Amino acid sequence: MADNIFLEIVTPEKMVVSEDVKEVTAPGINGEFGVLPEHTPFLSVLKSGHISYVTLGGEVKKLAVSWGYAEVRKDAVIILAETAERPEEIDVQRAEEARKRAEKRLSSGGEDIDVERAELALARAMARLELVGKI
């Protein structure tokens with residue numbers, strides 16, 4: 001059995017991760033899933049949340065992601081995400097303002113509110129804030 005699995009995380013703007021790792025955990029639309037080498041292949045839609053992975057050196061790294069797709073193969077996990085941010089890349093003030101705006105939209109209850117869009121914005125802001133320990 002292989003000791004590692006190749007992880008690639010790509011956004012429309014950049015390649016975020018491209019390395020061999022020991023394991024990967026991601027926020028699937030139907031729940032969080034974990035992947036080890038030789039995992040059964042599958043595809044999943046991702047929701048906003050955290051991707052974590054263990055480097056070959058044993059370090060746990062985390063990223064905040066919003067919506068995307070994951071392709072799991074026996075030897076690789078390929079993630080195409082709308083956004084993927086390391087903790088040091090997150091603008092905490094901006095994320096907090098986005099959270100407040102989304103909560104205000106959702107609590108207003110107006111008919112002209114796009115509830116799905118506000119819920120997605122709230123989930124994205126919460127994932128960012130959780131990753132940096134502000135929630």
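Residues numbered from 1 in each chain as written. Predicted model: local features only at pLDDT ≥ 70, side-chain atom pairs only at ≥ 80, totals over all residues. Heavy atoms only, no water.

S.K.: Would you mind going over the nonpolar core with me for this structure?
M.R.: As a rule of thumb, soluble globular proteins bury nonpolar side chains together. One finds Leu-7, Ile-9, Val-24, Val-77 and Ile-79 to be the most contacted residues of the largest nonpolar core, which totals 21 residues. Mapped onto this core, the elements with two or more residues apiece are β1 (5-10), β2 (15-28), β3 (31-35), β5 (49-55), β6 (60-72) and β7 (76-85). Per element, the largest residue contribution to this core is five residues, and it comes from β2. If we skip the residues at most four places from it in the chain, Val-24 touches Leu-7, Phe-33, Gly-34, Val-35, Ile-51, Ser-52, Tyr-53 and Val-77. (Core = buried A, V, L, I, M, F, W, Y, C linked by side-chain atoms within 4.5 Å. Buried < 20%, exposed > 50% of the residue type's maximum accessible area, 1.4 Å probe, protein only. Helix = DSSP H or I, 4+ residues; strand = E, 2+ residues; numbered from the N terminus. Contact = heavy atoms within 4.5 Å.)

S.K.: It is not clear to me how a nonpolar patch on the surface should be interpreted in this structure. Could you clarify?
M.R.: A contiguous nonpolar patch, built from Trp-67, Tyr-69 and Leu-80 and spanning about 320 Å² of accessible area, is present on the exposed surface. Along the polypeptide, Leu-80 turns up in strand β7. Looking at Leu-80, the relative accessible area reads 47%, which means it is partly exposed. (Patch = residues over 30% accessible without salt bridge, like charges linked within 9 Å, V, L, I, M, F, W, Y side chains within 5 Å. Areas by Shrake-Rupley, 256 points an atom, 1.4 Å probe, with all protein chains shown as cover. Salt bridge = Lys/Arg side-chain N within 4 Å of Asp/Glu carboxyl O.)

S.K.: Before we go on, may I ask you to explain the packing of aromatic side chains in this structure?
M.R.: Describing an aromatic ring pair means giving the distance of the ring centres and the angle of the ring planes. Applying the stated rule across the entire model yields two aromatic pairs. Between the aromatic rings of Phe-33 and Phe-42, the centroid separation amounts to 5.1 Å while the plane-to-plane angle is 85 degrees, which identifies the pairing as edge-to-face. (Phe/Tyr/Trp six-rings, centres within 6.5 Å; stacked < 30°, edge-to-face > 60°.)

S.K.: It is not clear to me how the confidence of the model for the chain should be interpreted in this structure. Could you clarify?
M.R.: Detailed reading of predicted coordinates is not advised where the pLDDT is low. Per-residue confidence for the chain averages 92 on the pLDDT scale, and 98% of its residues sit at or above 70. In the model of the chain, helix α2 (residues 115-131) stands out as the element of lowest mean pLDDT, 86, in contrast to β1, which has the highest, 98. (pLDDT = per-residue confidence, 0-100.)

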